[in-house]
Amino acid sequence: MKRTWLAPVAAVLLLSTGIRAENAKAYDIRMHRADMPDTTDIPSILRSILKPGMSDEEKAKAIWRFVFKYSHQDAPPQEQIAGCTHDVVKLVNVYGYRMCCCAAGCVEALADAAGFQQSRTHGVTAHNVAEVYYDNAWHMLDSSLITYFKKDDGSIASVEELNKDGAKLLTSARCPFADAKGWFPAMTHNLNNAHHEYSKIHGEAGDGVSNGYSVGHRASLTLREGETMTRNFGVENPQHVNQDLGGPPGSVKLRGGKGEAAYFNKVIPDQKETCYYVHPGYHGGVVGNGTLTYEPELAKGGYARGMEAEENISCKSRDGRLPALHLKKRGPGSVVFRMRSPYVFLDGEITATFKRKADDDVVEVFVSTNNMLDWQRVYTATQKGAFEAKIPLKEFINRRYEYYVKVAFDTKGYPTDVGMEEMRMTGLFQHAERAAPFLVRGDNEILVDAGKPASTVSINPRVTTAEVSPEFKKNETLTTMHAVISGMDVRDGYLWDNWKGGGTVTFPVTVPGNITGVRMGGTFRMRDAADKVKFQVSTAGPDTGFQDIHELAGKFVKKSAYTEYTKIPPGKDRIWVRFATTVRNTCGVMGHLRIDVDYQEAKARQLPFKVRHDWLENGQAKSHTETIKKWPHKYNIKCSGEPEMKSIKVWVEQASK
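Just so you know, these numbers come straight off a predicted model, no measurement behind them.

1. Notes on the packing of helix α3 (residues 56-70) against helix α5 (residues 100-114)
Consideration 1: With their axes 9 Å apart at the nearest point, α3 and α5 run at an angle of 140 degrees to one another. In this view, α3 runs oblique relative to α5, as classed from their interaxial angle. Crossing hand, α3 versus α5: right-handed. Note on element contacts: α5 touches α3 through A103, C106, V107, L110, A111 and A114, opposite I63, W64, F66 and V67.
Consideration 2: Of the residues contributing to the contact of α3 with α5, the split by class is ten nonpolar, no polar and no charged.

The structure is reproduced here in structure tokens:
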């Protein structure tokens, strides 16, 4: 009889009773060129671009430069379909392109994280820009079109000043970035466009206007034995996140130094020191594809150091029996693997060799994209004997950054009547080429680091439910993440306090280890000084023991907020995370919700790993392989000719090799 493994209880059971005895991985791998910023996360970005002794204006301009250095103006990526992606770490590392509202949101996010007193975004006629408050005034910094405009005293003008005095300020003499014909660096807009844009301002000045942004994604990499990540460069017709919504963004064809990307290797004209829009030697592209491949070693038990959980499973090295992976005793059993990438998955496949002896023997494969809260069956074996199965995953994993694979067996006969001899899981992803440690002519110093043996479970849903948007299946929602909503009205993209005594939206999170911290945030509206949003956590249960860890209050059309909390009692593997509203006028959640629960894996052990660069130089194939046993680690690759990047590969070898 076939068994269905769909209930959330099964996930909890696997996490609580089947945790492996040891975790062995290369944790938190980070790589970048020594002459380029570390783009792994917001703290790393700010450490790279903000230097001691900088004035507030110098800091603001460093943030503004960083955003356009790594992201080109183009039709934006829409991970959640109905809105742009406003996550600076994703836009820099995963995509490399964005629209004006995305760029403005990124400047706002970095300015907030850097400690500026205020930052905001402003809508003008058909454009969106960021403003940062310092020296007792607002200053407009446009990373989208790459502009700002100077006043008579040399300071940067505000949106309001550009609106009121555009005839004087919107000129090439006031903007170092406009060429002799008035075109801005990306050659998509010019000064005539600027006069039109600033002729009208949307919204109320000083009303806390914000596009909203998401914070929390990290572009570090954790690999297990037998796992390889390959970032490919110069892919012809690369796949992209919105390929089912229309044509590709123009960025898929761009190459540094040509066309709209001609500015990539030019000098930025407003700097005292020599500084480039990207890099003087950069001739690469914007959009790349890559693969994450995992081949767990089954027979000798190596898979156990990289799995999430197992139930009633044995292997050849434990009992001497075949197939390589099989049941410990008759009845149901399963093993769970996680596929997690810093880059967005677009496609994937599982290839495995199974054994099934009798008609009522069960071999099934399930996928979960919501942290094992639910499982979708993607394969049921009908063959008997030993056979290979190829299981496509695109319709399940597209636009996700992680998914779980559960292989389930059942038999009424001998435990070895069903099992698996080998398995390979592959995910195709999108990445941004400029954020990788690319090669140029001459010396290329590469910095590599790795972090603590820890992991994260993330929640990043679209703010809608199955009832409101039954057709929305392109990403996770409040429904799929099992959010419990009370005292709030759900609209597509919004959650509003309904004036019935306070609203809450609560998310359950279970992890296979000890929770060490929670990072959480989103974008909110509060239209009265008495409106409030509280960030809360509880380890006691879904209805009790909640602690306030952050409070957002004030009058805002839109306001993004983010906080971190590490005072978690030891030994906790379950937590409930909540946003709670108190309304006097209008108060609610306007999107960009993200929760990251960090945890320490049991008996974790850090592994060495290898990095290989492959490129063409004068038509000849070249490569360099570096073994990383200690970190931080620095090494140099010298290219005597102009290199054409082909790939960067990072992997951990099987212990048996």
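Picking up after the structure, the text goes on.
2. So, empty space enclosed by the protein
Over the atoms rolls a probe the size of a water molecule, and in doing so it shows where empty space is left.
Consideration 1: This model, assessed by the stated rule, comprises four cavities of 30 Å³ or more.
Consideration 2: Approximately 160 Å³ is the volume found for the largest cavity.
Consideration 3: At the level of elements, β1 (23-33) and β9 (227-232) are the ones that each hand at least two residues to the lining of the largest cavity.
Consideration 4: Of the residues forming the lining of the largest cavity, the biggest block, three residues, is contributed by β1.

3. Topic: the pattern of salt bridges
Consideration 1: This model, assessed by the stated rule, comprises 35 salt bridges.
Consideration 2: The partner of D270 in a salt bridge is K61, and the shortest N-O contact between them spans 3.6 Å. Taken together, the residues D270 in the loop between β9 and β10 (287-294) and K61 in helix α3 connect sequence positions 209 residues apart. For the pair D270 and K61, a shared accessibility class is recorded, and that class is buried.
Consideration 3: Close ionic contact of R255 with E433 constitutes a salt bridge, the shortest N to O distance being 3.9 Å. One end of the pair, R255, is in the loop between β9 and β10; the other, E433, is in the loop between β20 (418-432) and β21 (442-449), and 178 residues separate them in sequence.
Consideration 4: Residue classification places E433 among the buried residues on the basis of a relative accessible area of 1%.
Consideration 5: Each of R519, R594, D596 and D598 takes part in one network of salt bridges that share partners.

4. Details of the side chain of R578
Consideration 1: Here R578 shows up in strand β29 (residues 574-582).
Consideration 2: For the buried R578, no salt bridge is present, and the opposite-charge side chain at shortest range is D543, 4.9 Å distant.
Consideration 3: Here T506 takes part through its side chain, which lies 2.8 Å from a polar atom of the side chain of R578.
Consideration 4: Not counting the four nearest positions on each side in its chain, R578 is found in contact with T504, V505, T506, M520, K534, F535, Q536, P542 and F546.

5. Re the sheet that holds strand β17 (residues 376-380)
Consideration 1: Here we have five strands laid out as an open sheet, ordered β11-β14-β19-β16-β17, and antiparallel in their pairing. The outermost strands of the open sheet, each flanked by one partner alone, are β11 (309-311) and β17. For this sheet the average axis-to-axis angle between neighbouring strands, irrespective of direction, equals 20 degrees.
Consideration 2: The sheet contact formed by β11 and strand β14 (residues 333-340) spans three bridges and is antiparallel. Bridging across to β14, A309 finds its partner in V336.

6. Quick look at helix α2 (residues 42-49)
Consideration 1: Of the positions making up α2, those classed as buried are I42, S44, I45, L46 and I49.
Consideration 2: Residues of α2 that are buried make contact with β1, α3, α4 (88-95) and α5.

7. Comments concerning the nonpolar core
Consideration 1: Core analysis: the largest hydrophobic core is formed by 143 residues, its most contacted members being Y303, F354, F409 and F609.
Consideration 2: For this core, the element with the most residues is α5, which contributes nine residues.
Consideration 3: Residues in contact with Y303, not counting those within four places in the same chain, are Y294, P296, E297, L298, E310, I313, S314, C315, R318, L325, V335 and F337.

8. Re the confidence of the model for the chain
Consideration 1: With 95% of its residues at a pLDDT of 70 or more, the chain shows a mean pLDDT of 92.
Consideration 2: Predicted confidence for residues 1-19 stays below pLDDT 50, and this span has 50 contacts to residues more than four positions away or in other chains.

9. What to know about a negative patch on the surface
Consideration 1: A surface patch of negative charge is lined by E349, E388, E421 and E422.
Consideration 2: Inspection of the secondary structure puts E421 in strand β20.

Scoring rules and cut-offs
- Residues numbered from 1 in each chain as written.
- Predicted model: local features only at pLDDT ≥ 70, side-chain atom pairs only at ≥ 80, totals over all residues.
- Heavy atoms only, no water.
- Axes fitted to C-alpha atoms, helices over the stretch in contact; angles between N-to-C directions.
- Helix = DSSP H or I, 4+ residues; strand = E, 2+ residues; numbered from the N terminus.
- Parallel < 35°, antiparallel > 145°, perpendicular 65-115°, else oblique.
- Left-handed = near helix turned anticlockwise from the far one by under 90°.
- Contact = heavy atoms within 4.5 Å.
- Nonpolar A, V, L, I, M, F, W, Y, C, P; charged D, E, K, R; others polar.
- 1 Å grid on protein atoms, 1.4 Å probe; cavity = no way out; pocket = protein on both sides within 12 Å on 5 of 7 lines; lining within 4 Å.
- Points joined across faces, edges and corners; volume = space filled by probe spheres on them.
- Salt bridge = Lys/Arg side-chain N within 4 Å of Asp/Glu carboxyl O.
- Buried < 20%, exposed > 50% of the residue type's maximum accessible area, 1.4 Å probe, protein only.
- Lys, Arg positive; Asp, Glu negative; His and termini not counted.
- Polar contact = N/O pair within 3.5 Å; in protein donor to acceptor, adjacent residues only side chain to side chain.
- Pairing = 2+ DSSP bridges.
- Core = buried A, V, L, I, M, F, W, Y, C linked by side-chain atoms within 4.5 Å.
- pLDDT = per-residue confidence, 0-100.
- Patch = residues over 30% accessible without salt bridge, like charges linked within 9 Å, V, L, I, M, F, W, Y side chains within 5 Å.
- Areas by Shrake-Rupley, 256 points an atom, 1.4 Å probe, with all protein chains shown as cover.
- Charge placed at Lys NZ, Arg CZ, Asp CG, Glu CD.

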